[in-house]
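Okay, here's what each chain looks like letter by letter:
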Amino acid sequence: MINKGGQSVRKLLMTLSLALAGAGLIWGIVMTRGGEWIKTGFRFFTGEGAGLSLTWKVDGLTVFFLFILLLGQGLSSLYSIGYLKEYEEKKKSLWPFFTGWFLFLGSMFGVLLADDGFSFLLMWEMMSLFSFFLVLYEHEDPQNRKSAYIYLVMTHVATVFLTAATMFLYSKTGSFAFEVWAGVVPMLTTVQLNLLFLAFFVGLGSKAGFVPFHIWLPYAHSAAPSPVSTLMSGVMVKVALYLFFRLVWLMLGPGPVWWGWLFLLIGALSALVGILFASVQSDLKKLLAYSTIENVGILGMALGSAFLARSWQNDWAMNLALVAFFWHALQHMLFKSLLFMGAGNIIQATHTRNLERLGGLLRRMPKTGLAALVGIVGITALPPLGGFWGELILFQSLWLNTLELTGGWSKVFLPISIGILALVGGLSLATFVKWFGIAFLGQARSNVAERAEEAHPVQFITPLLVGGLAILSVLWPAATLEFINLPMSVLRTGEVISIGSNLGKPLFMTSVYLILISLLTVVVVVLTKRGTRRVTATWNCGTPLTSRMQYSATGLTKPIRILFSKAVGSHRHVERNFVESSYSLRSLRYEGRSKEVFEDVFYRPLIHGLFWVASQIRKLQEGSIHLYIGYLLITVIVVLILGR
């Protein structure tokens, strides 16, 4: 029995969230057409007349990321109308979800609008805190509590670095305003500038999910309810990347060339590590979470290519890298939102995230399967959808940067980065063939998959709508490129030329390719429906075909796990049961697992080291009054020496 009042509240609040997103999008379109940006705020006055300013700014860069946020909010809110129904049926209170939902969205909105360090840190902390509560929403599961705890710790490590950078700039300027900070940057020493960059890199990179700060992401994204996972993966990580433009690109300036190399190196590492770990996952949502790390890595590579081209004054390569970044950011938000919604439908229908227990869902959940297939084509960068064009433009940017080099080790590393991007694309294809093939194709591997039913209509309509938007962005590339021109006009100096005229006709041909493929598909479907169809069982040497004869999720990507066994920490356990001799095998059980390498190699030793240091410091407390008096004496002597 579902409470009628609860139903009304769920629909009312999620419709309100949807309406707010729609109103925000309309406001953004009107403001963009007007061409006038906003800068406003208010000041808290103290007794002396000076005060603390909270300022907000909207320019082309902000509008682009606000569009991603509002679109993500609208789609997730629509999806939540159906998704949250299950919680009502379980008599679980939705108020903690609603509270966290609106405050999380509001804080992300605030981070994007902030034009001073105080507002930024305040909104950043709120964003971290309310996303933590949303991750913790299903707190009954101990694994979810662990995931939320890891996320909380890592997000506050990031906050420490960002606070340090903010306080340093405030001490230099006496102001929190970004504009004032930008004025003092030319007067900083090289060491100060580099340390400042590193503080922003670690702080923002942790939230974005760059390797090796990524460990929270697979836990948090898989533990959160699917609408929250959609927002975290599709929007929140982009908010962190937005700040790289606002605080590094625009405020700190070009910087030394190694900044670009660091972005490119960490981006390539993140892309490779992300997709390798995704390929060996059997958890439906954790696989998608690792794929987010991969795509953040691709965006990091685009940032690196843009920074390098800016340092080398290679304008054409820089423009391509920036276009690749914004194009891919938009496409990734659409495709990853779609896939997390598909995963949410599967989990609610089967109550499992284990791929090994799924199979045959395409017959039981055809609409969810169709939407997921569109998402797979996009996320694996297959033509003609948008994922392909974003990576192709990034390839071109990296290649143009390579051509500009005269020699040296960088002449080697840039082609290697191109190779890594190609390798990531291939691994991504194998990974998502596994995700879709194991879940939707073949026979059901468990009773829960056998009994699965299509989700609530709004839950398959929303991902289909997302897929339609993704296709529309390719069918109408001129509008997409004109939209990308908004942040480009802020980031580029000098004359701003329309991106569409720069890129020329090839990208505009995408719509032609897509129309041709669609027509071809229609022709094939029509032709296959003509004539007599015979449906019969698959021949299997006279024995019935069972689900045990299918590839498992573990087996399908086993070659990848073996080839990269060191990187993914792969190990296997084999149990053999013989009848009498070693020549007669009764049964064999194989189990393959991968370790959390970065946790084992880096974080656990670090935590053990911190515990050891804490235990050594604790020894100072021996309970002896004489010892404490000695500490005081030493402290007084040190203070006197320093205060001379």
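Residues numbered from 1 in each chain as written. Predicted model: local features only at pLDDT ≥ 70, side-chain atom pairs only at ≥ 80, totals over all residues. Heavy atoms only, no water.

Draft legend 1. Looking closely at the nonpolar core. Of all hydrophobic cores here, the largest spans 186 residues; its most connected members are Phe 120, Phe 200, Met 232, Leu 252, Phe 326 and Trp 435. The biggest single contributor to this core is helix 13 (residues 315–350), with 22 residues. If sequence neighbours within four positions are ignored, Phe 120 has contacts with Val 111, Ala 114, Leu 162, Phe 178, Leu 243 and Leu 247. (Core = buried A, V, L, I, M, F, W, Y, C linked by side-chain atoms within 4.5 Å. Buried < 20%, exposed > 50% of the residue type's maximum accessible area, 1.4 Å probe, protein only. Helix = DSSP H or I, 4+ residues; strand = E, 2+ residues; numbered from the N terminus. Contact = heavy atoms within 4.5 Å.)

Draft legend 2. The arrangement of the packing of helix 6 (residues 142–173) against helix 9 (residues 216–223) in detail. In contact at an axis separation of 8 Å, helix 6 and helix 9 are set at 135° when each is read in the N-to-C sense. On the basis of their axis angle, the class for helix 6 and helix 9 is oblique. Helix 6 and helix 9 meet at a crossing whose hand is left-handed. Across the interface between the two elements, Gln 143, Asn 144, Lys 146, Ser 147, Ile 150, Tyr 151 and Met 154 of helix 6 pack against Trp 216, Tyr 219, Ala 220 and Ala 223 of helix 9. (Axes fitted to C-alpha atoms, helices over the stretch in contact; angles between N-to-C directions. Parallel < 35°, antiparallel > 145°, perpendicular 65-115°, else oblique. Left-handed = near helix turned anticlockwise from the far one by under 90°.)

Draft legend 3. The arrangement of the pattern of salt bridges in detail. Under the definition given, this model contains 8 salt bridges. Glu 86 is the partner of Lys 90 in a salt bridge, and the nearest nitrogen-oxygen pair spans 3.8 Å. Overall, the relative accessible area of 16% leaves Glu 86 in the buried class. One connected set of salt bridges, linked through shared partners, spans Glu 599, Asp 600 and Arg 604. (Salt bridge = Lys/Arg side-chain N within 4 Å of Asp/Glu carboxyl O.)

Draft legend 4. Local environment of unusual backbone geometry. Looking along the chain, the bond that leaves Val 211 and enters Pro 212 is cis, with omega of 15°. Relative to the elements of secondary structure, Pro 212 occurs in the loop between helix 8 (190–208) and helix 9. Despite not being glycine, Lys 91 shows a phi value in the positive range, around 60°. For Lys 91, the location among the structural elements is in the loop between helix 3 (85–89) and helix 4 (95–113). A residue is classified by how much of its surface remains accessible, and Lys 91, at 62% relative accessible area, is exposed.

Draft legend 5. The arrangement of the packing of helix 13 against helix 20 (residues 477–491) in detail. With their axes 10 Å apart at the nearest point, helix 13 and helix 20 run at an angle of 125° to one another. What the angle tells us is that helix 13 and helix 20 run oblique. Note that helix 13 runs across helix 20; the crossing there is right-handed. Contact residues: helix 13 offers Asn 319, Leu 322, Val 323, Phe 326, Trp 327 and Leu 330, while helix 20 offers Thr 480, Leu 481, Ile 484, Pro 487, Met 488 and Leu 491. Looking at side-chain class alone, the contact of helix 13 with helix 20 contains 10 nonpolar, 2 polar and no charged residues. (Nonpolar A, V, L, I, M, F, W, Y, C, P; charged D, E, K, R; others polar.)

Draft legend 6. Structural context of the environment of Leu 276. Residue position: Leu 276 is located in helix 11 (residues 257–279). In the structure, Leu 276 is positioned 15 residues away from Ser 291 in sequence and 9.0 Å away in space, judged by C-alpha atoms. Not counting residues within four places of it along the chain, the set of residues in contact with Leu 276 comprises Leu 427, Ile 560, Phe 564, Ala 567 and Val 568.

Draft legend 7. Seen up close, a nonpolar patch on the surface. Taken together, the side chains of Tyr 149, Val 153, Val 157, Val 160 and Phe 161 make up a nonpolar region of the molecular surface, amounting to roughly 450 Å² of accessible area. Positionally, Val 160 belongs in helix 6. A relative accessible area of 55% places Val 160 in the exposed class. (Patch = residues over 30% accessible without salt bridge, like charges linked within 9 Å, V, L, I, M, F, W, Y side chains within 5 Å. Areas by Shrake-Rupley, 256 points an atom, 1.4 Å probe, with all protein chains shown as cover.)

Draft legend 8. Region of interest: the environment of Val 466. Note that Val 466 resides in helix 19 (residues 457–475). According to the relative accessible area criterion, Val 466 is buried, its value standing at 0%. Between the alpha carbons of Val 466 and Met 333 there is a distance of 9.6 Å; along the sequence they are 133 residues apart. Setting aside anything within four residues of it in sequence, one finds Val 466 in contact with Leu 75, Leu 334, Leu 338 and Met 341.

Draft legend 9. Here's a closer look at the layout of surface pockets. Of the volumes computed, that of the largest pocket is approximately 1,000 Å³. As for the largest pocket, its lining consists of 26 residues, and the residues nearest its centre are Ser 282, Glu 356, Thr 554, Glu 591 and Gly 592. Elements that contribute at least two residues to the lining of the largest pocket include exactly helix 23 (553–556) and strand 4 (585–594). Per element, the largest residue contribution to the lining of the largest pocket is 6 residues, and it comes from strand 4. A class-by-class count of the residues in the lining of the largest pocket yields 3 nonpolar, 11 polar and 12 charged. Taken as a whole, the second largest pocket holds about 880 Å³ of empty space. Considering the residues around the second largest pocket, the lining is formed by 25 residues, among which Ile 29, Phe 67, Ala 479, Thr 480 and Phe 483 are closest to the centre. At the level of elements, helix 1 (4–34), helix 2 (60–83), helix 13, helix 19 and helix 20 are the ones that each hand at least two residues to the lining of the second largest pocket. Per-element accounting of the lining of the second largest pocket gives the leading share, 9 residues, to helix 1. Its residues assigned to classes, the lining of the second largest pocket shows 18 nonpolar, 5 polar and 2 charged. (1 Å grid on protein atoms, 1.4 Å probe; cavity = no way out; pocket = protein on both sides within 12 Å on 5 of 7 lines; lining within 4 Å. Points joined across faces, edges and corners; volume = space filled by probe spheres on them.)

Draft legend 10. The side chain of Asn 345, seen in detail. Inspection of the secondary structure assignment puts Asn 345 in helix 13. When its relative accessible area of 0% is taken as the criterion, Asn 345 is described as buried. Apart from the residues within four sequence positions on either side, Asn 345 is in contact with Tyr 79, Met 365, Thr 368, Ala 455, Gln 459 and Phe 460.

Draft legend 11. The arrangement of the pairing of strand 3 (residues 570–578) in detail. Pairing between strand 3 and strand 4: 9 bridges, direction antiparallel. Among the inter-strand pairings, Ser 570 is bridged to a residue of strand 4, identified as Ser 594. Counting the residues in the hairpin turn of strand 3 and strand 4 gives 6 residues. (Pairing = 2+ DSSP bridges.)

Draft legend 12. Representation of the side chain of Ser 337 within the structure. Along the chain, Ser 337 turns up in helix 13. Polar side-chain contacts of Ser 337 include one of 2.5 Å to the backbone oxygen of Met 333. Dropping the residues within four chain positions of it, Ser 337 is found in contact with Thr 230 and His 332. (Polar contact = N/O pair within 3.5 Å; in protein donor to acceptor, adjacent residues only side chain to side chain.)

Draft legend 13. The arrangement of empty space enclosed by the protein in detail. In total, this model carries 3 cavities of 30 Å³ or more according to the counting rule given. Roughly 40 Å³ of internal volume is contained in the largest cavity. Around the largest cavity, the lining residues are Asn 295, His 328, Gln 331, His 332, Phe 335, Gly 378, Ile 379, Ala 381, Gly 387 and Glu 391. Mapped onto the lining of the largest cavity, the elements with two or more residues apiece are helix 13, helix 15 (366–379) and helix 16 (386–404). Partitioning the lining of the largest cavity into residue classes produces 3 nonpolar, 6 polar and 1 charged.

Draft legend 14. Quick peek at the packing of aromatic side chains. One pass over the structure, following the stated rule, counts 42 aromatic pairs. Ring centres of Phe 197 and Trp 259 lie 4.3 Å apart, and the angle between their planes is 5°; this geometry places the pair in the stacked category. Of the two residues, Phe 197 is situated in helix 8 and Trp 259 in helix 11; the sequence distance between them amounts to 62 residues. By relative accessible area, which is 0% here, Phe 197 ends up buried. One cation-aromatic arrangement involves Arg 310 over Trp 249; the distance from NZ or CZ to the ring centre is 4.2 Å. (Phe/Tyr/Trp six-rings, centres within 6.5 Å; stacked < 30°, edge-to-face > 60°. Lys NZ or Arg CZ within 6 Å of the ring centre and 35° of its normal.)

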